[in-house]
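Observations on the three-dimensional arrangement
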Amino acid sequence: MSHEFAAINPHASQPTSLRALAGSLWRNRALILQLTRRDVIGRYQGSAMGLAWSFFNPVLMLLVYTFVFSEIFKSRWGGIGGNDSKTLFALVLFVGMIVLSLFSEVLNRAPGLILSNVNYVKKVVFPLEIMPVVTMAATLFHGMVSLAVLLAAFALFNGYVNWTAVFLPLVLLPLVVLTTGLAWILASLGVFLRDVGQTIVIVTTLLMFLSPVFYPITAVPEDFRAIIMANPLTFIIEQAREVLIWGHQPDWLGLGIYMIAAIVVAWAGFAWFQKTRKGFADVL
């Protein structure tokens with residue numbers, strides 16, 4: 001693969017167009033897949049169960065959510081009663097956690113991506129712009145495992161799976177694009193400002209409580225509902241629940257608008273990363 005990177009100078013200006021972004025992802029698709037596989041397997045390297053942990057983690061979390069919120073807190077989602085509401089609350093909550101994890105894990109890791117791969121900057125001429133993409137791909141793998149657990153639990157409790165679940169990739173796509181764009185920005189900032197890593201953890205924690213993960217939007221007082229709706233996670237969480245839990249089609253117009261905004265953010269993030277990357281070698 002080295003011949004593909006030979007023409008890249010780490011101190012030279014890099015292309016910032018959407019075409020350049022698409023070209024880089026296509027040229028380096030095999031490398032992205034290879035690094036994603038290494039990231040996924042490396043997370044559990046040395047453990048006795050290995051990759052099986054990626055399955056057991058969401059299973060255990062779902063069991064804990066079901067027990068704590070249905071048996072201890074006696075929680076009900078949006079006033080829905082009946083015996084089914086016990087398990088329903090856990091499933092609805094789990095959907096929110098899957099979307100939240102997809103967003104927060106990538107952003108929390110982003111500031112350290114370049115710092116933890118200094119050799120790629122200094123010793124090897126390497127397409128650094130793929131690092132946030134690799135992180136997103138690895139996180140998507142774990143998210144898909146959690147989704148499989150959710151769908152299996154939903155089928156077990158209800159005897160069926162909503163056909164609208166097929167729309168979930170289209171629901172998540174705008175968030176994936178947006179998150180990757182933000183990851184490019186944070187990966188660059190993390191090189192120059194070492195406090196970014198600690199700051200983003202606080203921000204993602206705040207967003208968790210300002211997202212309708214543990215409560216329905218209807219439970220939020222009208223005066224504060226606008227704050228919750230301004231959270232980029234809120235719309236995607238609600239749409240994911242529409243297709244997975246409630247069996248409704250998503251808000252296509254809303255997803256279209258979100259996608260346009262996400263592409264703008266992703267392009268801006270990629271451009272920022274490309275503009276600033278020539279300074280990485282001097283700082284590290």
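Our focus in this paragraph is the environment of D282. By the secondary structure assignment, D282 is in helix α13 (residues 280-283). In the structure, D282 is positioned 160 residues away from K122 in sequence and 9.1 Å away in space, judged by C-alpha atoms.

Moving on to helix α11 (residues 232-246). For α11, built from 15 residues, the straight-helix expectation of 21 Å at 1.5 Å per residue is met to within 8% by its first-to-last C-alpha distance of 21 Å. Across the 15 residues that make up α11, a large majority, 11, are buried. One side-chain oxygen of the residue at the start of α11 lies 2.9 Å from the amide nitrogen of L233, identifying that residue as N231. Following α11 by one or two positions, G247 adopts a phi angle in the positive range, close to 75 degrees.

Time to look at the packing of aromatic side chains. Under the defined criterion, the tally for this structure stands at 10 aromatic pairs. Ring geometry for F192 against F280: centres 5.8 Å apart, planes inclined by 50 degrees, an arrangement best described as tilted. Taken as a pair, F192 in helix α8 (residues 168-192) and F280 in helix α13 lie far apart in primary sequence, 88 residues in all. What makes F192 partly exposed here is its relative accessible area of 36%.

The geometry of a pair of packed helices is captured by two quantities: the angle between their axes and the separation between those axes. The contact between helix α4 (residues 53-72) and helix α7 (residues 131-158) brings their axes to 9 Å, and the two run at 50 degrees. The pairing of α4 with α7 is recorded here as oblique in orientation. Handedness of the α4/α7 crossing: right-handed. The segment α4 lies against α7, with S54, F55, P58, V59 and L62 engaging F141, H142, V145, S146, V149 and A153. Class assignment for the residues of the contact of α4 with α7 results in 8 nonpolar, 3 polar and no charged.

Membership of the largest hydrophobic core comes to 77 residues, with the highest contact counts inside it found for I114, I236 and L244. Element by element, the count of residues in this core is highest for helix α5 (residues 84-109), at 16 residues. Sequence-distant contacts of I114, that is, excluding residues within four places in its chain, are made with V121, L128, A187, V191, F273, F280 and L284.

Summarising the model, the chain shows a mean pLDDT of 88, and 90% of its residues fall at 70 or more. Low pLDDT, under 50, characterises residues 1-7; the predicted model gives this stretch 8 contacts beyond four residues in sequence or across chains.

Interaxial distance between α11 and helix α12 (residues 252-276) falls to 11 Å at its minimum, and their mutual angle equals 145 degrees. Between α11 and α12 the crossing geometry is left-handed. Residues P232, F235 and I236 of α11 pack against G254, L255 and Y258 of α12. Of the residues that constitute the contact of α11 with α12, the class distribution is 5 nonpolar, 1 polar and no charged.

The rules behind the values
- Residues numbered from 1 in each chain as written.
- Predicted model: local features only at pLDDT ≥ 70, side-chain atom pairs only at ≥ 80, totals over all residues.
- Heavy atoms only, no water.
- Helix = DSSP H or I, 4+ residues; strand = E, 2+ residues; numbered from the N terminus.
- Expected span 1.5 Å × (residues − 1).
- Buried < 20%, exposed > 50% of the residue type's maximum accessible area, 1.4 Å probe, protein only.
- Polar contact = N/O pair within 3.5 Å; in protein donor to acceptor, adjacent residues only side chain to side chain.
- Phe/Tyr/Trp six-rings, centres within 6.5 Å; stacked < 30°, edge-to-face > 60°.
- Axes fitted to C-alpha atoms, helices over the stretch in contact; angles between N-to-C directions.
- Parallel < 35°, antiparallel > 145°, perpendicular 65-115°, else oblique.
- Left-handed = near helix turned anticlockwise from the far one by under 90°.
- Contact = heavy atoms within 4.5 Å.
- Nonpolar A, V, L, I, M, F, W, Y, C, P; charged D, E, K, R; others polar.
- Core = buried A, V, L, I, M, F, W, Y, C linked by side-chain atoms within 4.5 Å.
- pLDDT = per-residue confidence, 0-100.

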